[in-house]
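# Examining the three-dimensional arrangement
Read off the chains here:
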Amino acid sequence: MTAVHVPGTPVIEDGRLVSTSPATGAEAGRLPAATAADVERAVARAREAAGWWAGLGFAARRERLLRWRGLLARRIEELAELVHLEGGKPVADAIVEIVTAVEHVDWAARNARRVLGPRRVRSRLVLAEFSAHLEYQPYGVVGVIGPWNYPVFTPIGSAAYALAAGNTVVLKPSEYTPAVGQWLVDTFAEVVPEQPVFTAVHGLGDVGAALCRSGVDKVAFTGSTATAKKVMAACAESLTPVLLEAGGKDAMIVDSDADLDAAADACVWGALTNAGQTCIGIERVYAVAPVFDTFVDKVVERAGRLTVGAEGADIGPITMPSQLDVIRRHIDDALARGGRAVLGGADSVQPPYVRPTVLVDVPEDAAAVREETFGPTLTINRVRDADEAVARTNAVPYGLGASVFGRRRAVTIARRMRSGMASVNSALTFAGMSTLPFGGVGDSGFGRIHGEDGLREFGRPKAITRRRARSLLPAMTFDRTPADIDRLVKAIKVMYGR
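Residues numbered from 1 in each chain as written. Predicted model: local features only at pLDDT ≥ 70, side-chain atom pairs only at ≥ 80, totals over all residues. Heavy atoms only, no water.

### Considering the nonpolar core
Counting residues in each nonpolar core, the largest one holds 121 residues, and the members touching the most others are W68, F198, V254, F295 and I380. Among the elements that line this core, the one with the most residues is helix α4 (residues 91-116), at eleven residues. Counting 23 residues, the second largest nonpolar core, distinct from the first, contains V43, V201, L211 and V242. (Core = buried A, V, L, I, M, F, W, Y, C linked by side-chain atoms within 4.5 Å. Buried < 20%, exposed > 50% of the residue type's maximum accessible area, 1.4 Å probe, protein only. Helix = DSSP H or I, 4+ residues; strand = E, 2+ residues; numbered from the N terminus.)

### Considering the pairing of strand β3 (residues 27-32)
In summary, the side chains of a regular strand alternate between the two faces of the sheet. Sheet analysis places strand β2 (residues 16-20) next to β3, joined by five bridges and oriented antiparallel. By the bridge assignment for β3, S19 is matched with G29. The loop that links β2 with its antiparallel partner β3 comprises six residues; one of these, G25, has a positive phi angle of about 80°. (Pairing = 2+ DSSP bridges.)

### Some points on unusual backbone geometry
With the exception of glycine, the majority of residues adopt a negative phi angle, and the majority of peptide bonds are in the trans configuration. Of the consecutive residues P351 and P352, the connecting peptide bond is found in the cis state with omega at 5°. Following the sequence through the fold, P352 ends up in the loop between β14 (349-350) and β15 (353-354). Residues other than glycine seldom take positive phi values, yet L239 does so here, at roughly 55°. You will see that D361, though not glycine, has its phi angle at about 60°, which is positive. Position of D361 relative to the elements: it lies in the loop between β16 (357-360) and α12 (367-370). Judged by its relative accessible area of 37%, D361 is partly exposed.

### Quick notes on the pattern of salt bridges
Per the stated rule, a full pass over the model turns up 34 salt bridges. In this structure, D106 engages R69 in a salt bridge whose closest nitrogen and oxygen atoms are separated by 2.7 Å. Highlighted residues: D106 in helix α4 and R69 in helix α2 (residues 57-74), separated in sequence by 37 residues. With a relative accessible area of 17%, D106 lands in the buried category. With a closest N to O distance of 3.0 Å, R329 and E371 form a salt bridge. Of the two residues, R329 is situated in helix α11 (residues 323-336) and E371 in the loop between α12 and β17 (377-383); the sequence distance between them amounts to 42 residues. Overall, the relative accessible area of 41% leaves R329 in the partly exposed class. E371 sits in the partly exposed class, given a relative accessible area of 33%. Taken together, the shared-partner salt bridges connect E63, R64, R67 and E194 into one network. (Salt bridge = Lys/Arg side-chain N within 4 Å of Asp/Glu carboxyl O.)

### A few points about the environment of W148
In this fold, W148 is placed in the loop between β6 (141-145) and α5 (153-164). Judged by its relative accessible area of 12%, W148 is buried. On a C-alpha basis, the gap between W148 and S423 in space is 24 Å, while along the polypeptide they are 275 residues apart. If near-sequence neighbours (up to four positions away) are discounted, W148 is found in contact with S174, Y176, T177, Q277, T319, M320 and F374. (Contact = heavy atoms within 4.5 Å.)

### Regarding a nonpolar patch on the surface
On the surface, V126, L127, M476, I492 and Y496 cluster together to form a nonpolar patch covering roughly 510 Å² of accessible area. For L127, the location among the structural elements is in the loop between β4 (119-121) and β5 (130-138). Looking at L127, the relative accessible area reads 41%, which means it is partly exposed. (Patch = residues over 30% accessible without salt bridge, like charges linked within 9 Å, V, L, I, M, F, W, Y side chains within 5 Å. Areas by Shrake-Rupley, 256 points an atom, 1.4 Å probe, with all protein chains shown as cover.)

### With respect to the packing of helix α9 (residues 260-272) against helix α10 (residues 289-304)
It is at 9 Å that the axes of α9 and α10 come closest, and there the two elements cross at 50°. By the criterion of interaxial angle, the relationship of α9 to α10 is oblique. As for the relative orientation of α9 and α10, their crossing is right-handed in sense. Note on element contacts: α10 touches α9 through V291, T294, F295, K298, V299, R302 and A303, opposite L260, D261, A263, A264, D265, C267, V268 and L272. Of the residues in the contact of α9 with α10, the class split is ten nonpolar, one polar and four charged. (Axes fitted to C-alpha atoms, helices over the stretch in contact; angles between N-to-C directions. Parallel < 35°, antiparallel > 145°, perpendicular 65-115°, else oblique. Left-handed = near helix turned anticlockwise from the far one by under 90°. Nonpolar A, V, L, I, M, F, W, Y, C, P; charged D, E, K, R; others polar.)

### What to know about α9
End to end, α9 covers 18 Å across 13 residues, agreeing with the expected 18 Å (1.5 Å per residue, within 8%). By the burial criterion, the buried members of α9 are L260, A263, A264, A266, C267, V268, G270, A271 and L272. Those residues of α9 that are buried are in contact with β11 (250-254), β12 (282-288), α10, β17 and β19 (402-405). Capping of α9 at its N-terminal end is provided by D259; its side-chain oxygen lies 3.2 Å from the backbone amide nitrogen of D261. Backbone geometry just downstream of α9 places N274 in the positive-phi region, at approximately 55°. (Expected span 1.5 Å × (residues − 1). Polar contact = N/O pair within 3.5 Å; in protein donor to acceptor, adjacent residues only side chain to side chain.)

Below you can see the structure in the form of structure tokens.
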């Protein structure tokens, strides 16, 4: 008998994970649900393939990754339709997500040798008789636990970099978007059919836990802060290193000399794209008093034009049905504590959709200000000046991304915001910049994907010294004499004693 369930909620039926559209309930995929033994077998197969994949070298891996990049680009509409079906994301948003992912595959493939390959490092005078060398060797097997809100961009942000570094990857997609995850590994297998280099295991949270305990050499996780702590605890049992990209409560600061039209446009996009289900989405805005009223009017005018629905709308459904309760609680709490809805409000939550909601005058200790909402809602509060805005921005435990609009002081303000990333006179742009690292601080996690730092996350640094001459100041030998030590002391005083 087929179970009756809320559209979009994953269920296990007859040993298979069934994924459905949160908007229509249409089935998007039916994948084998993995047991702990299945996960161990997948990791064992990946470990057997790891030697072959690493042995190909940077050039051959680059060629294969670029072929996969080409396939993703050619079949972008197909993948976007699947993302739309399974998660409800508007097709246009899905295309933007995939374009960004393609860019990251391209950059990782083209730059892995330069960043990770063997190279000579300058020696120091005290050890001048040795040459220094550095290279980054692959870990082996990397487990990637992906989220549902960006089921292409986010897993690829870890997987492509791990693959370029010479690791094999076992992906555990979110149970809300398993079909997208399987599509990614299936298409990779089309261009790399020889070995199970990039594979997937499917299921609920227990499968993610099994992957953490399966003997993988590193885990890269993206998801909520609460789950990140569970992942870290599980990996701690075996001292498996982790990379954690957790939640966010990102702020935008609007200074007195900001271009208000540009700021409002970026704010509406940054807050409401993907129905607000973005870890780096703008959830809080602090606008200085002289521009506050005008800025709010411009945001409300733009946000009020957006359409909500399943097909062809600007804003799609909430992908995870249980998140509707969180969004409703945050709106109700903000209003009960004296906040005002200048757009939307308590009746904006109309499952499976939430209409854009803009709240002002919300107390700083309200849930809508301090907790991750993950919906198309936004708080805008008035501040005296940029100093107060920075203080309020930094008062929450999260620290993922940030945004600043202004001219004279904008970069200085961005540097003072407690976040791993910041955009000046734009929003979210650091995510698409493949040359920059992506990650947060505090409750937003640690470690970095993307850019050179992202490549290095997936390689173990291996330091090698090589003797090239006799030691003039022998110290690391029991054949040293008191005279040798005297000369060493004199040399150090001359070199460093000034």
